[in-house]
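Reading the structure
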Amino acid sequence: MYDSVKGELAQKLAAIRNEGLYKDERIIVSPQGALIRVNDGAEVLNFCANNYLGLGNDESIRKAAVDAMDKWGYGLSSVRFICGTQAPHKVLERKVAEYLGTEDAILFSSCFDANGAVFEPLLDEDCAIITDSLNHASIIDGVRLCKAKRWVFKHADMRDIEELDPDTGKTAKGLERCLKEAKDARIRMIATDGVFSMDGDIANLKGICDLAEKYNALVMVDDSHATGFVGKTGRGTWEYCGVKGRVDIITTTFGKALGGASGGVIASRKEIVEYMRQKARPYLFSNTVAPAIVGGTTRALDMLSSSTVLRDKLEANTIRFREKMTAAGFDIRPGVHPIVPVMLYDEKLAHVMADELLDEGIYVIGFSFPVVPRGKARIRVQISAAHDFDQIDKAVAAFTVVGRKLGVIK
Ligand SMILES: *Cc1c(COP(=O)(O)O)cnc(C)c1O
């Protein structure tokens, strides 16, 4: 059989290459950080990691992970409910819940798993899920796994409206219209990313929670690009938007700001978490989180609970980069998030510019269709607390040199 499959895959792979969509993986030969070494030996400044707080190679987190491994072992070879729950798993769940302001929390191997887990137990055929059109792939897949009827609302559109979307050529509905249409469902749930990763825009949680109250719906927020640094004390988009206690379910990752290793969580109301422990399939049928990850993440949360120094530094770096790039003449998506999209609109230009920036020692990635809409190509810069002002300024200088050369700025 494989001969025919092989031929088919070769064709598909060639097609991916021809469309310019083939994803090459650059090999890094150093730990994650502001300065990394790529495999041709060059040291480059890294502006494309989710290492928002610079904790990816933090010494105290490394030590906490090693200590946890020494004390609790390398692995448990068990799911949680058989013999995979150690004392530190419970400690971490309590700390995550405290940090996120929820009653309880349940760990997963990843946020992808948490999102794959969260919908199916709660929502049956007679329920409704109402989801933002730009939600992360893991929310989309999680929704696919549940039997609820699905409504997709136009990204960030709160209105009671249905109209032609010029970007897609299809009709699109606002959130309030979807909620009205879903009025007969037994349970309605609105699901949204807290921060949308291509634009760095923050969900309108105030508007969403208001509508959820008006139309009696649950609210689920995936705060993977927010936990640890968005909001005054870094708790996430609910803090930033001032909706404490009004979000029913928060999912998030440990694989970004919180040390960046892996792991995810559903933080929610007591009964929802308790029910997930009984029913969530990626929890019941997948191995427990390794002790080293639990130890490292617990340490990260302890650091972030006691001080805002890192998120404050990230904020200062972000403001500096956004202001200097704007002053240099670049078209930056406005906002406050350390995801800074430098809009170029031209697909080829985005990739050429990223390559030239790498030659200047700045590692960034060009994004084009289908990751972003056609004609909206960009370089997505991600700022970190690991950067210092000098490195931020170097990046702006390199952008300016390359931008002038390629005619992006004057
Ligand atoms: C990164 C990300 C995930 C996946 O998290 P993992 O823990 O790496 O699986 C899920 N949702 C959103 C919004 C993300 O940005």
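Anything mentioned here points back to the structure above.
All of the points below concern the structure found in this document. As the structure is a computational prediction, the values presented were derived from the model and not from experiment.

1. So, a nonpolar patch on the surface
- Taken together, the side chains of Tyr2, Leu9, Leu13, Ile16 and Tyr22 make up a nonpolar region of the molecular surface, amounting to roughly 460 Å² of accessible area.
- Looking at the secondary structure, you find Leu13 in helix H1 (residues 2-18).
- Owing to a relative accessible area of 43%, Leu13 belongs among the partly exposed residues under this scheme.

2. Some words on the packing of aromatic side chains
- In total, this model carries 5 aromatic pairs according to the counting rule given.
- Taking 6.2 Å as the distance between ring centres and 70° as the angle between the ring planes, the aromatic pair formed by Phe321 and Phe399 counts as edge-to-face. Residue Phe321 is found in helix H13 (residues 309-327), and its partner Phe399 is found in helix H15 (residues 389-405); the two are separated by 78 residues along the sequence. Neither residue differs from the other here; Phe321 and Phe399 are each classed as buried.
- Members of the aromatic cluster, each reached through a chain of ring pairs, are Phe47, Phe321, Phe330 and Phe399.
- The ring of Phe389 carries the charged tip of Arg320 above its face, separated from the ring centre by 4.2 Å.
- When the ring centre of Phe369 is taken as reference, the NZ or CZ atom of Arg374 above it lies at 3.8 Å.

3. Here's the deal with the pattern of salt bridges
- In this structure the tally under the stated criterion is 31 salt bridges.
- Two residues, Arg277 and Asp104, come together in a salt bridge whose shortest N-O distance is 3.9 Å. Placement of Arg277 in helix H10 (residues 270-279) and of Asp104 in strand E3 (residues 104-108) is noted, with a sequence separation of 173 residues between them.
- Classification of Arg277 by relative accessible area gives buried; the value is 16%.
- Measuring nitrogen to oxygen at the nearest pair gives 2.7 Å for the salt bridge that ties Asp160 to Arg177. One end of the pair, Asp160, is in the loop between strand E5 (149-153) and strand E6 (162-165); the other, Arg177, is in helix H7 (residues 175-181), and 17 residues separate them in sequence.
- You can call Asp160 partly exposed: its relative accessible area is 29%.
- Through salt bridges with shared partners, one network takes in Arg80, Lys90, Glu93, Asp104 and Arg277.

Basis of the calculations
Numbers given to residues run from 1 along each chain, matching the order in which its sequence is written. Where local features are concerned, this predicted model is filtered to residues with pLDDT of at least 70; where side-chain atom pairs are given and counted, the filter is 80 or more; whole-chain, interface and lining totals use all residues. Side-chain descriptors were evaluated using all non-hydrogen atoms of the structure, hydrogens and water having been removed beforehand. Residues enter patches when their relative accessible area tops 30% and they take part in no salt bridge; the joining distance is 9 Å for like charges and 5 Å for the nonpolar side chains Val, Leu, Ile, Met, Phe, Trp and Tyr. Areas reported here follow the Shrake-Rupley algorithm with a probe of radius 1.4 Å; residue values treat only the protein chains shown as occluding. Basic side-chain nitrogens of Lys or Arg form a salt bridge, by our definition, when they fall within 4 Å of a carboxyl oxygen of Asp or Glu. Labels follow the DSSP assignment, with helices taken as runs of H or I lasting at least four residues and strands as runs of E lasting at least two, numbered in each case from the N terminus. Relative accessibility under 20% of the residue-type maximum defines a buried residue, over 50% an exposed one, and the middle range a partly exposed one, all with a 1.4 Å probe and only protein chains included. Two aromatic rings from Phe, Tyr or Trp, using only the six-membered ring of Trp, form a pair when their centres are within 6.5 Å; if the ring planes differ by under 30 degrees the pair is stacked, by over 60 it is edge-to-face, and anything between is tilted. The rule is short: NZ of Lys or CZ of Arg within 6 Å of the ring centre and within 35 degrees of the ring normal puts a charge over the ring.

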